[in-house]
Amino acid sequence: MTYIIALIMFIILMMIVLLYTFFVLQIIEIIHYLYSKTPHTDETSTITGMSDFQIRFSRLWNREKQIELFKSSLARKRHKVILVLVILFQFAKLYEYGGDYMNDEGRYPQAKACYAVGSVANGYSKMIALAGSPDEYWIYPFYQSFEWMKKILYAVGTPHIPLDDAEIALWRYEWFHYPYVIKFHEQLGLGNKRESRESAPVQKAALDDLWNIIETINTKPFADKNREREAWMDMPAMIEYSHLHAKYSLPYEQWQDVSLALVSTPKYVKRNYQMDQWLTRLEQRYQQSNMKPLIQKAPQIEAIRQSALLLVFEKQMRMKILARRFSCESDLIKRYAALRNRYFSGKNPVFLDMRSRGMGKRVNAMIDTYQNNISAEFTRQMLGEFCAVKVEGVSPESHPYSDGMKGWFQDLTSENDIYSKEITILKEITHE
């Protein structure tokens, strides 16, 4: 029965994709009709003051003209070729996913039949998400046309996987979170705006589920080792997204005091140490013989891991300061300084590799993002002033005023700044 449902869903998927394809081809046909230089039989220049374009545009509202254009679009050889190619593409992707997951090394073949079909649908979800948030009004209908299929396939396929297997969590991430994570879209619900009371429960539920996925993958086993390797490849992006959007996992009423809440609430303190542990363990996993070739093909995965770890270390230092357990001699400071100096040195091997593959713009964006933010700059200034530890990555916003807002990151270790509580505690600890 599972295989039959998977087949039915694949046929429905094919029909939806063909419908969208023909819709695009029909638009092309209409544009061709409107701007064609060749006169049409139903046009006449005797209509005073109307151009050929205006005449043709007015004809579009005629039912007979619509049917004519529909038949014309179907009759075009290139359109037929495109539709055939779309069909072949569907089968090619299904064959690819089937070969990847339904083999001797895989597990749970009935579940994988659903997964193979759902992965084809998920490819369109990810493509749509590149255009904007799936929760925007103009994107939502197209995104949901694939989303409901994934929900059915998830419901049919996952019962064939034991509950103590982490693969179920990986399915949920790939199908229902990754299309948002790919471009850092918030999951706000249809039409909701960022940081609104209406969007708060939707985003909180999504982030709570994402954290549950992260925790499950890191604490439960995978019977299918192919899927386990994919989970480790996805993990840095999961953690980075969860960390950067952590604000929305708090109740709406705490959003105004989010910075302090995330470094003082026991639940989030514990999460930070878990993320540290899991990201650090990933570095060792990536050096294993079965993972190293995958990372070499996708060096950006290691770059994201390093970026996420920088964020975790910076927050962890604030946690230790507020708990009055900060020490300049701690292993945390040494690990952070080593990572940050490598990250911003200009000789970071992973960035050099990415640049050699034509990903220089992405490298520059990552460097700018992770040095030119208030947390990174406060940590740099704080380590220099209180621990005499110099680290790379000076934010341009910390320089003296030169234009506009340049220089507004100056004096972050002042008692009058937003980190005044941390600075007061540091001065007490260091007896200044």
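Residues numbered from 1 in each chain as written. Predicted model: local features only at pLDDT ≥ 70, side-chain atom pairs only at ≥ 80, totals over all residues. Heavy atoms only, no water.

Could you give me a rundown of the state of the cysteines, with the residues and numbers involved?
Enumeration according to the criterion identifies 1 disulfide in this entry. Note that Cys328 is cross-linked by a disulfide to Cys387, the S-S spacing being 1.9 Å. Since a negative S-S torsion denotes a left-handed disulfide, the Cys328-Cys387 link at about -70° is left-handed. Linking Cys328 in the loop between helix H14 (300-322) and helix H15 (331-344) with Cys387 in the loop between helix H18 (374-386) and helix H19 (420-429), this pair joins segments that are 59 residues apart in sequence. (Disulfide = S-S within 2.5 Å. Helix = DSSP H or I, 4+ residues; strand = E, 2+ residues; numbered from the N terminus.)

Tell me about the packing of aromatic side chains, and please be specific about residues and values.
Following the criterion strictly, the structure yields 20 aromatic pairs and no others. Both rings, one in Phe10 and one in Phe91, keep their centres 5.3 Å apart while their planes meet at 65°; by these two values the pair is edge-to-face. Note that Phe10 is positioned in helix H1 (residues 2-35) and Phe91 in helix H4 (residues 77-101), a separation of 81 residues in sequence. For Phe10, a relative accessible area of 4% puts it in the buried group. Note on Phe91: relative accessible area 46%, which makes it partly exposed. A ring pair is formed by Tyr124 and Phe146, whose centres lie 5.1 Å apart and whose planes are at 15°; its orientation type is stacked. Of this pair, Tyr124 sits in helix H5 (residues 109-129) while Phe146 sits in helix H6 (residues 140-157); the two residues are 22 residues apart in sequence, bridging distant segments of the chain. Summarising the burial analysis for this pair, Tyr124 and Phe146 share the class buried. These aromatic residues form a ring-pair network of at least three members: Tyr101, Tyr115, Tyr154, Trp171, Trp175 and Phe176. Sitting above the plane of the Trp232 ring, Arg285 keeps its charged end 4.0 Å from the centroid. (Phe/Tyr/Trp six-rings, centres within 6.5 Å; stacked < 30°, edge-to-face > 60°. Buried < 20%, exposed > 50% of the residue type's maximum accessible area, 1.4 Å probe, protein only. Lys NZ or Arg CZ within 6 Å of the ring centre and 35° of its normal.)

Summarise a nonpolar patch on the surface; cite the residues concerned and give the values.
A contiguous nonpolar patch, built from Phe23, Val24, Ile27, Ile28, Ile31 and Tyr35 and spanning about 590 Å² of accessible area, is present on the exposed surface. With respect to the element layout, Ile27 can be found in helix H1. (Patch = residues over 30% accessible without salt bridge, like charges linked within 9 Å, V, L, I, M, F, W, Y side chains within 5 Å. Areas by Shrake-Rupley, 256 points an atom, 1.4 Å probe, with all protein chains shown as cover. Salt bridge = Lys/Arg side-chain N within 4 Å of Asp/Glu carboxyl O.)

Any chance you could break down empty space enclosed by the protein for me, citing the residues and the numbers?
Across all of its chains, the model carries 1 cavity of 30 Å³ or more by this definition. In this model, the largest cavity occupies a volume close to 140 Å³. Around the largest cavity, the lining is made up of 13 residues, and of these Ser242, Ala246, Tyr268, Arg271 and Met275 lie nearest the centre. Those elements that provide at least two residues to the lining of the largest cavity are helix H9 (200-219), helix H10 (225-244), helix H12 (266-286) and H14. Ranked by the residues each element gives to the lining of the largest cavity, the list is headed by H12, at 4 residues. Its residues placed into classes, the lining of the largest cavity shows 7 nonpolar, 4 polar and 2 charged. (1 Å grid on protein atoms, 1.4 Å probe; cavity = no way out; pocket = protein on both sides within 12 Å on 5 of 7 lines; lining within 4 Å. Points joined across faces, edges and corners; volume = space filled by probe spheres on them. Nonpolar A, V, L, I, M, F, W, Y, C, P; charged D, E, K, R; others polar.)

I'd like a rundown of the nonpolar core, residues and numbers included.
Phe146, Ile217, Met238, Phe326, Met382 and Leu383 are the most contacted members of the largest nonpolar core, which totals 114 residues. Per element, the largest residue contribution to this core is 13 residues, and it comes from H14. Contact partners of Leu383, with chain neighbours within four places excluded, come to Met317, Phe326, Ile333, Tyr336, Ala388, Val389 and Val391. (Core = buried A, V, L, I, M, F, W, Y, C linked by side-chain atoms within 4.5 Å. Contact = heavy atoms within 4.5 Å.)

Quick rundown of the packing of H10 against H14? Include the residues and the values.
Relative to each other, H10 and H14 sit at 35°, their axes nearing to 9 Å. Relative to H14, H10 is oriented so that their crossing is left-handed. Packed against H10, whose contacting residues are Met233, Pro236, Ala237, Glu240, His243 and Leu244, the element H14 presents Ile301, Ile304, Arg305, Ser307, Ala308, Leu311, Val312 and Lys315 at the interface. Among the residues making up the contact of H10 with H14, the classes are represented as 9 nonpolar, 2 polar and 3 charged. (Axes fitted to C-alpha atoms, helices over the stretch in contact; angles between N-to-C directions. Left-handed = near helix turned anticlockwise from the far one by under 90°.)

Break down H15 for me, with residues and values.
With 14 residues, H15 should cover 20 Å at 1.5 Å per step; its first-to-last C-alpha distance of 20 Å lies within 8% of that length. When H15 is considered as a whole, its buried residues turn out to be Leu332, Ile333, Tyr336, Ala337, Leu339, Arg340, Tyr343 and Phe344. Against H14, helix H16 (349-356), helix H17 (360-371) and H18 lie the buried residues of H15. One or two positions beyond H15, positive phi appears at Gly346, with a value near 90°. (Expected span 1.5 Å × (residues − 1).)

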